[in-house]
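Tertiary structure, described
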Amino acid sequence: MLSRLREQIWADWIWFPEGHGWADLKDHDGQVFPKMQDLWVTIPIALFFLVCRQIFERAVATPLASLLGVSDKQRVRAPPNPVLESYFCNTSKQPSQSSVESLSKHTDCSVRQVQRWFRRRRNQDRPNKLKKFREACWRFTFYLVAFFAGLAVLVDKPWLYDMKKVWDDFPKMPLLPSQYWYYMIELGFYVSLVFSVATDVKRKDFKEQIIHHVATISLIGFSWMVNYIRAGTLIMLVHDASDYFMESAKMFNYAGWRKTCNFIFTVFAAVFIFSRLVIFPFWIIYTTGVYPLTLYRPFLGFYFFNGLMLVLQALHIFWAVLIVRMVVKFLPCNAIVEDERSDKEETESEDEGDALGQRGKFQNGHVQNGHTLLNNNHSKAD
């Protein structure tokens, strides 16, 4: 029964246009074609990347951070408090106003002290600037090398200049050694990002990043299995074209090099918008989703592949909005770029502002006819 189910899932008519099938991808006459089992190679490559990353961050990124002046200010740790710690870990890291009042009563602390404790405790869990710099440095190095490696692989290929040629002789297009390694290394890197997601810096678009990684891995893997390799190499090249600009802008941001960061980020925004919102939809998606309809009748594999392409395009639009918002913020006043996806560290002044706002209303959570009353708890050491 399992064998029959497998045959139905991998039936030729699902994954290939009419008249073609898996038999077209069998090696013959010295020509090699992609095979599904080749994808297992990406697992050891991903593990290799994880090891290389640890070595790179210690041997290259950390000394570079010191050279650029990346440093972290000393963070004040929240004092031990079992009640607040339990609430922080098990209930919420951002307690509501009523919860703060309740915790104030249970801990014999003022509302202000409870707010300050939670602020400091949240700051303890935020990654420091050095960690962010090392992560950006690693990704910058990979994306830069991957982009120019992709150019080297594609510069002499006719489908780089006429994208319709990705369908010439499909699916009977032999695999080139350069395409094999380009695919395996790119896919191995994205698999390594999934492996390291638990320890990487988590930003506000964490869910979107996970969707992007899954869609990218699925897209690369599927394009390999059914020999959409020519289109796949173009997709990877377009994605790598802007990413190293973004990571380098982050590095200079963490180093406090304002003008350099702003200049690189402006270049990144221009390259991102042109590559992801112009080239990707109007050239590549057209080539994979519209032009093939003049050659073949649509089939399920066609819909699956282009569905993943549309998921990526939706993410591109989402990130383009964030990028434009950041550019609009820093251009008029020449302020330093702030990553809209990152949680900002809360400062003492923010805490003071919250406390002053609360002081006129509450005395450990009790309203006193709208008047400010002295709170003896405020005299306690913070």
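Note that the coordinates shown come from a computational prediction; the quantities given were computed from them, not determined experimentally. (Residues numbered from 1 in each chain as written. Predicted model: local features only at pLDDT ≥ 70, side-chain atom pairs only at ≥ 80, totals over all residues. Heavy atoms only, no water.)

1. Focus on the side chain of His 20
- Tracing the backbone through its elements, the reader meets His 20 in the loop between helix H2 (12-15) and helix H3 (42-68).
- Among all residues touching His 20, those that are not within four sequence positions of it are Asp 12, Phe 170, Pro 171, Lys 172 and Tyr 296. (Helix = DSSP H or I, 4+ residues; strand = E, 2+ residues; numbered from the N terminus. Contact = heavy atoms within 4.5 Å.)

2. Quick look at the packing of H3 against helix H8 (residues 177-195)
- Contact pair H3 / H8: the axes reach a minimum separation of 8 Å and the direction vectors enclose 65 degrees. The element H3 and its partner H8 pack so that their crossing is right-handed. On H8, the residues that touch Thr 42, Ile 43, Ile 45, Ala 46, Leu 47, Phe 49 and Leu 50 of H3 are Met 184, Ile 185, Leu 187, Gly 188, Phe 189, Val 191, Ser 192 and Phe 195. (Axes fitted to C-alpha atoms, helices over the stretch in contact; angles between N-to-C directions. Left-handed = near helix turned anticlockwise from the far one by under 90°.)

3. Focus on the packing of aromatic side chains
- Tallied over the full model, the rule gives 38 aromatic pairs.
- Summarising the aromatic geometry, the rings of Phe 16 and Trp 22 are spaced 4.8 Å apart at their centres and angled 90 degrees between planes, so their arrangement reads as edge-to-face.
- Looking at Phe 16, the relative accessible area reads 1%, which means it is buried.
- Measuring from ring centre to ring centre gives 5.5 Å for Phe 49 and Phe 142, while their planes differ by 90 degrees; the resulting arrangement is edge-to-face. Of the two residues, Phe 49 sits in helix H3 while Phe 142 sits in helix H7 (residues 129-154), which places them 93 residues apart along the sequence.
- Given a relative accessible area of 9%, Phe 142 falls into the buried group.
- The rings of Trp 10, Trp 15, Phe 16, Trp 22, Trp 167, Phe 170, Phe 222, Tyr 228, Tyr 296, Phe 304 and Phe 305 are connected pair by pair, giving a single aromatic cluster. (Phe/Tyr/Trp six-rings, centres within 6.5 Å; stacked < 30°, edge-to-face > 60°. Buried < 20%, exposed > 50% of the residue type's maximum accessible area, 1.4 Å probe, protein only.)

4. A few points about H3
- In the structure, H3 departs most strongly from a straight axis at Glu 57, where the bend amounts to approximately 45 degrees.
- Residues of H3 that are buried: Thr 42, Ile 45, Ala 46, Phe 49, Arg 53, Phe 56, Glu 57, Ala 61, Ala 65 and Leu 68.
- Just beyond H3, the residue with positive phi is Gly 69, at close to 85 degrees. (Bend = angle between axes of the 7 residues up to and from the residue.)

5. Thoughts on the packing of helix H4 (residues 82-90) against helix H5 (residues 97-107)
- Remark: H4 packs on H5, axes separated minimally by 10 Å, with the N-to-C direction vectors making an angle of 150 degrees. Accordingly, the angle class assigned to the pair H4 and H5 is roughly antiparallel. Between H4, through Val 83, Leu 84 and Tyr 87, and H5, the contact on the second element is made entirely by Ser 99, Leu 103 and Thr 107.
- Split by residue class, the contact of H4 with H5 holds four nonpolar, two polar and no charged. (Parallel < 35°, antiparallel > 145°, perpendicular 65-115°, else oblique. Nonpolar A, V, L, I, M, F, W, Y, C, P; charged D, E, K, R; others polar.)

6. Concerning the confidence of the model for the protein
- Confidence in the prediction of the protein, expressed as mean pLDDT, is 82, and 84% of residues score 70 or more.
- Within the model, pLDDT remains below 50 along residues 349-382, and this stretch shows 54 contacts once partners closer than five positions in the same chain are excluded. (pLDDT = per-residue confidence, 0-100.)

7. Side note on unusual backbone geometry
- Along the chain, Phe 170 connects to Pro 171 via a cis peptide bond; the corresponding omega equals -5 degrees.
- Mapped onto the fold, Pro 171 is located in the loop between H7 and H8.
- Even without glycine at this site, Asp 108 takes up a positive phi of about 60 degrees.
- Its location among the elements puts Asp 108 in the loop between H5 and helix H6 (111-125).
- Look at Asp 169: it is not a glycine, yet its phi comes out positive at around 65 degrees.

8. Considerations on the pattern of salt bridges
- Across all of its chains, the model carries eight salt bridges by this definition.
- The salt bridge involving Arg 139 is made with Glu 135; its shortest N-O contact spans 3.6 Å. Here Arg 139 pairs with Glu 135, and both are found in helix H7, just four residues apart, close to one helical turn.
- With relative accessibility at 11%, the residue Arg 139 sits in the buried group.
- Accessibility expressed as a relative area gives 4% for Glu 135, which makes it buried. (Salt bridge = Lys/Arg side-chain N within 4 Å of Asp/Glu carboxyl O.)

9. Considerations on a nonpolar patch on the surface
- A cluster of nonpolar residues, Trp 40, Ile 43, Leu 47, Val 194 and Phe 195, forms a patch on the protein surface that exposes about 510 Å² of accessible area.
- Taken together, the elements giving at least two residues each to the nonpolar patch come down to H3 and H8. (Patch = residues over 30% accessible without salt bridge, like charges linked within 9 Å, V, L, I, M, F, W, Y side chains within 5 Å. Areas by Shrake-Rupley, 256 points an atom, 1.4 Å probe, with all protein chains shown as cover.)

10. Quick notes on the nonpolar core
- Counting residues in each nonpolar core, the largest one holds 72 residues, and the members touching the most others are Phe 133, Trp 224, Tyr 228, Phe 280, Ile 284 and Met 309.
- Looking at this core, the elements that each hand over two or more residues are H2, H3, H7, H8, helix H9 (206-225), helix H10 (229-255), helix H11 (258-289) and helix H12 (300-333).
- By residue number, the principal contributor to this core is H10, which donates eleven residues.
- Leaving out residues up to four positions away in the same chain, Phe 133 has contacts with Ala 61, Leu 64, Ala 65, Leu 68, Val 70, Met 251 and Tyr 254.
- Counting residues in hydrophobic clusters, the runner-up holds 16 residues, among them Cys 261, Ile 264, Ala 269 and Leu 322. (Core = buried A, V, L, I, M, F, W, Y, C linked by side-chain atoms within 4.5 Å.)

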